[in-house]
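As a plain string of letters, each chain reads:
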Amino acid sequence: MPETLIKVDLDESPFTNEKIHNRWHPDIPMACWVEPGDDFRVETYDWTGGQIKNDDDAADVRDVDLNQVHFLSGPIGVKGAEPGDLLVVDILDIGAFDNSLWGFNGFFSLNNGGGFLDQHFPSAQKSIWDFKGMFTQSRHVPGVKYAGLIHPGLIGCLPDHKMLEMWNTREKKLNDTDPNRVPSLAKLPETAAAHMGALKGDARDAAAATGARTVPPREHGGNCDIKDLSRGSKIYFPVYVDGAGLSMGDLHFSQGDGEITFCGAIEMAGWLHIKVSLLKGGMAKYGIKNPIFRPSPMAPKYDDYLIFEGISVDESGTQHYLDVTTAYRQACLNAIEYLKKFGYSGAQAYSILGTAPVQGHVSGVVDIPNACATLWLPTDIFEFDLMPGNDGPKKYLDGSIDMPIAHDL
Ligand code: ZN
């Protein structure tokens, strides 16, 4: 058995664990050190640190404290790593804990986090997904079953001070253009609920004041939420500080491209078995600014799709110029309308798009004024025939089962 270098106890608060942190800052001490070539295990909390429960009440999603997220395991120091190197990470395996074989998907309230379709689904809702080996099903979303494409939503190395300052400056500049927007344009440093690993006292407070939030993906990777960065993949991360400082978390049992529900994918606690090595001076040698990776040799085999098109004309009929986000939103809304004809609620359909291995493609970005995006819905995950026909859609569900909802107080 590989050694487990970072352990978590799901019955204990992540704030008591010094090998966990929830901000990016170069002063966070390494949780442990390894040699290039070592392989080892790392355990993680789910991204909210256990705030969401396996029950039939969405109040926990409505009331989630987003200042706490994401709880990451690390940083792991790699001996000999220096700025300009590439840290090579082989994800050898990922799994759920035997005593926690479930995950959650939810929609945040528009007033507390929001999501890609928050104007259409403004209230908190959730679905619980049970894991049976490599497959998952939900008591809240009947009629679908699929194999997990399990991956860390969030993984990357510590920034140096210069990079951290650049992140904070550019994100504040954006946020200042509409500081009262709900949901906000960016998540700026926030000392409340900041967990800076083993840092204590004044050093902790100083780092918390400027520690970057873990929400966006950035140059170092971070919260990229790429479903194909799954077990079996090999990733090359830019290194900015001595020792690299690799951290990871936000494990997903499965996710659709875009992680559109934001609370998001099928979120789980679990473990990773990884191997690290170094490519000295690799950033300059290969012209690397953001991470690159090679995907796993294994993936769930769903190769038949029903594909929904969307263009950059929004719900009100307004024309947008080559706007891929608008186009993908339309493709998603089109898929939801279609699934509703088989008896799904809109929420259940939205949850399927966020959790199942659906593909999102940027299909065209030059045919002015419309961008075209496509959403690829795998047909084999459904227990019924999804294809259109002359007899019309057969109602598979009678509406008696839906996802729990919690309206704002
Ligand atoms: Zn996640």
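Residues numbered from 1 in each chain as written. Predicted model: local features only at pLDDT ≥ 70, side-chain atom pairs only at ≥ 80, totals over all residues. Heavy atoms only, no water.

1. What to know about the layout of surface pockets
Rules: A 1.4 Å probe that fits into a set of points on a 1 Å grid over the protein atoms alone but cannot get out defines a cavity; an open set with protein on both sides within 12 Å along at least five of seven lines defines a pocket, and lining residues are those with an atom within 4 Å of a point. Grid points are joined across faces, edges and corners, and a volume is the space filled by probe spheres set on the points. Any residue outside Ala, Val, Leu, Ile, Met, Phe, Trp, Tyr, Cys, Pro, Asp, Glu, Lys and Arg is labelled polar, Gly included; the first ten of those are nonpolar and the last four are charged.
The calculated volume of the largest pocket comes to roughly 1,100 Å³. Lining the largest pocket are 37 residues, with Gly-113, Gly-115, Phe-116, Val-215 and Phe-262 positioned closest to its centre. When the residues that make up the lining of the largest pocket are grouped by side-chain class, the tally is 17 nonpolar, nine polar and eleven charged.

2. What to know about the domain arrangement of the protein
Buried accessible area, meaning the area lost when the parts come together, often serves as the stated size of an interface. Under the convention used in this document: As used throughout, domain bounds are those supplied by an automatic or database domain assignment. By definition in these notes, contact holds between two residues if any of their heavy atoms fall within 4.5 Å. By convention, the term buried area covers the 1.4 Å-probe accessible surface removed from two parts as they join, with the contributions of both added. Residues adjacent in sequence count toward polar contacts only when both atoms are side-chain atoms; beyond that, a polar contact is any pair of N or O atoms within 3.5 Å, and within protein one must be able to donate a hydrogen and the other to accept it. Helix numbering and strand numbering both begin at the N terminus, where a helix is a DSSP run of H or I of at least 4 residues and a strand a DSSP run of E of at least 2.
For the protein, the assigned domains read domain 1 (4–294) and domain 2 (305–406). The C-alpha centroid of domain 2 is placed 27 Å from the C-alpha centroid of domain 1. Facing the 36 residues of domain 1 at the interface are 34 residues of domain 2. When domain 1 packs against domain 2, the two sides together hide about 3,000 Å² of surface, and 66% of this comes from carbon and sulfur. Remark: the boundary between domain 1 and domain 2 carries 21 residue pairs in polar contact (both at pLDDT 80 or more). Those elements giving two or more residues to the side of domain 1 that touches domain 2 turn out to be α1 (59–62), β7 (102–107), β8 (124–132), β10 (141–147) and β16 (262–268). Looking at which element gives the most residues to the side of domain 1 that touches domain 2, the answer is β10, with six residues. Here the side of domain 1 that touches domain 2 is composed, by residue class, of 15 nonpolar, 13 polar and eight charged.

3. Some words on helix α6 (residues 346–355)
The condition is simple: Burial classes follow relative accessibility: with a 1.4 Å probe on protein chains only, a residue under 20% of its type's maximum area counts as buried, one over 50% as exposed, and anything between as partly exposed.
The buried fraction of α6 amounts to ten of the ten residues, a majority that puts the element mostly inside the structure. Buried residues of α6: Gly-346, Ala-347, Gln-348, Ala-349, Tyr-350, Ser-351, Ile-352, Leu-353, Gly-354 and Thr-355, and no others.

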